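This is what each chain is made of:
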Amino acid sequence: GDQYPLCADLPRNGHLRKGATYLVLGSQTNPNLQWEDGIWESNPAYARLELDPSSSLYNKLCAPDQEGSCTYPGKVVLDENIVHGSPSLVAIDEIRTVQITGGSSPVFYEYVRPACVHKNFFEGKKVISGNIMGGVVSDSLCADPTTVVAAATCCANGSTLGNRFCNYAGERLTFASAVELCFTNGYTQCSPDSWSSSPVVPLELVGNNGDWGDFLLGSCQGDCDRDSDCLGNYICKQRTGIEVVPGCEGDGVHGQDYCYDPNGSSTPKDTCTDAQTYSWTSSGCQVRAKISFETHQ
């Protein structure tokens, strides 16, 4: 590996650690150093991770001048660890691009993932799938479950209908994080025989927003305390029990409050089903190797 670390050994939330590097993209939404589908570029239908203006990471990337206006430096290297106070089990393993809205138009930054190497042979292999039709998995690969390479694939108990859940379009997780994401939403990580034909927007407890201000909450995400905890024009639905949250699926956590879209339009969660990203399955796989010995005279 030429002294590079294993990709499996990269720390979770490395994007919040001292030394994490960000490059400005301007109005461009797709990263330059990692692949994303070209149809996502500048397409508002594909949700990006929008930072809360009160968060430490926002302040680092905004770099406000004396008048409080963002200067948007071309390159930002974190000079300290940023405390990510979310108590949620569904922590974000790794971000790709983030959105800063400090003026009339949003500006995007790309997180530069550290160079690392993948093992050719590894334990606990899992199938990641790019497509499933009629119960047939195509465009599949055998992947290391400890690496951040695929999205979650979740099924309701007893169902083989797959749904994708994500914190932003194109999110990739380790297999363990995918299991956590499904479990927190009342589903299980699975090997589906087909995909849900319509977007699923489940209630998702991301964390206690009173203790966590790094990211605003999307539609059907909680726990919010006020409307300002929610993205854009979303509203915080205050609950004392398991009251229905408009446009969202499931009961959620008793007494927890969730953001929702009062206009009933598509939500960031809707992009997960359509995202052209490999997804974890629960199926194991094998890698066959042939070793031959040659003798030289």
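Residues numbered from 1 in each chain as written. Predicted model: local features only at pLDDT ≥ 70, side-chain atom pairs only at ≥ 80, totals over all residues. Heavy atoms only, no water.

Examining the pattern of salt bridges
Inclusion rule: By salt bridge we mean one thing: a side-chain nitrogen of Lys or Arg within 4 Å of a carboxyl oxygen of Asp or Glu. Elements are defined by DSSP. Helices are runs of H or I of four residues or more, strands are runs of E of two residues or more, and each kind is numbered from the N terminus. Per-residue accessibility, obtained with a 1.4 Å probe over protein chains only, is compared with the maximum for each type, and a residue is labelled buried under 20%, exposed over 50%, and partly exposed between these values.
Following the criterion strictly, the structure yields eight salt bridges and no others. Across the pair R12 and D93 runs a salt bridge whose closest N-O atoms are separated by 2.5 Å. A residue pair is termed long-range when its members are at least 10 positions apart, and R12 in the segment before β1 (21-26) and D93 in the loop between β3 (75-77) and β4 (97-100) qualify at 81 residues. We classify R12 as partly exposed; its relative accessible area is 34%.

A look at the environment of L10
Note the threshold: Every residue pair with non-hydrogen atoms within 4.5 Å of one another is taken to be in contact.
Turning to its location among the elements, L10 is positioned in the segment before β1. Between the C-alpha atom of L10 and that of V148, which follows or precedes it by 138 residues, the distance is 9.4 Å. Not counting chain neighbours up to four residues away, the residues in contact with L10 comprise P5, R113, P114 and C116.

A word on helix α2 (residues 175-184)
Note on helix geometry: an α-helix contains 3.6 residues per turn, so any two residues three or four positions apart are oriented the same way. The test is simple: What the arc covers is the set of directions going from the helix axis to the C-beta atoms.
When α2 is considered as a whole, its buried residues turn out to be F175, S177, A178, L181 and C182. When α2 is viewed along its axis, its buried side chains cluster within an angular range of 155 degrees and face the same direction. The first or second residue beyond α2 is G186, which carries a positive phi of 85 degrees.

Re the sheet that holds β1
Selection criterion: A pair of strands is labelled paired if DSSP reports no fewer than 2 bridges between them.
Taken in spatial order, the five strands of this open sheet run β2-β4-β5-β1-β3, and their pairing is mixed. At either end of the open sheet lies a strand with only one pairing partner, and these are β2 (49-50) and β3.

As for unusual backbone geometry
Cis geometry is found at the peptide bond from G222 to D223, where omega equals 10 degrees. Along the polypeptide, D223 turns up in the loop between β13 (221-222) and β14 (235-237). With phi around 50 degrees, A63 is a residue other than glycine that occupies positive phi space. In this structure, A63 sits in the loop between α1 (56-62) and β3.

Concerning the nonpolar core
Test applied: Put simply, a nonpolar core is a bunch of buried Ala, Val, Leu, Ile, Met, Phe, Trp, Tyr and Cys residues held in one set by side-chain atoms that sit within 4.5 Å of each other.
Y22, L51, L57, L61, I95, V98 and Y109 are the most contacted members of the largest nonpolar core, which totals 21 residues. Taken together, the elements giving at least two residues each to this core come down to α1, β4 and β5 (107-112). With four residues, α1 is the largest single contributor of residues to this core. Not counting the four nearest positions on each side in its chain, I95 is found in contact with H15, Y22, L49, Y111 and Y168. Core analysis: the second largest hydrophobic core is formed by 13 residues, A150, F165, L173 and W280 among them.

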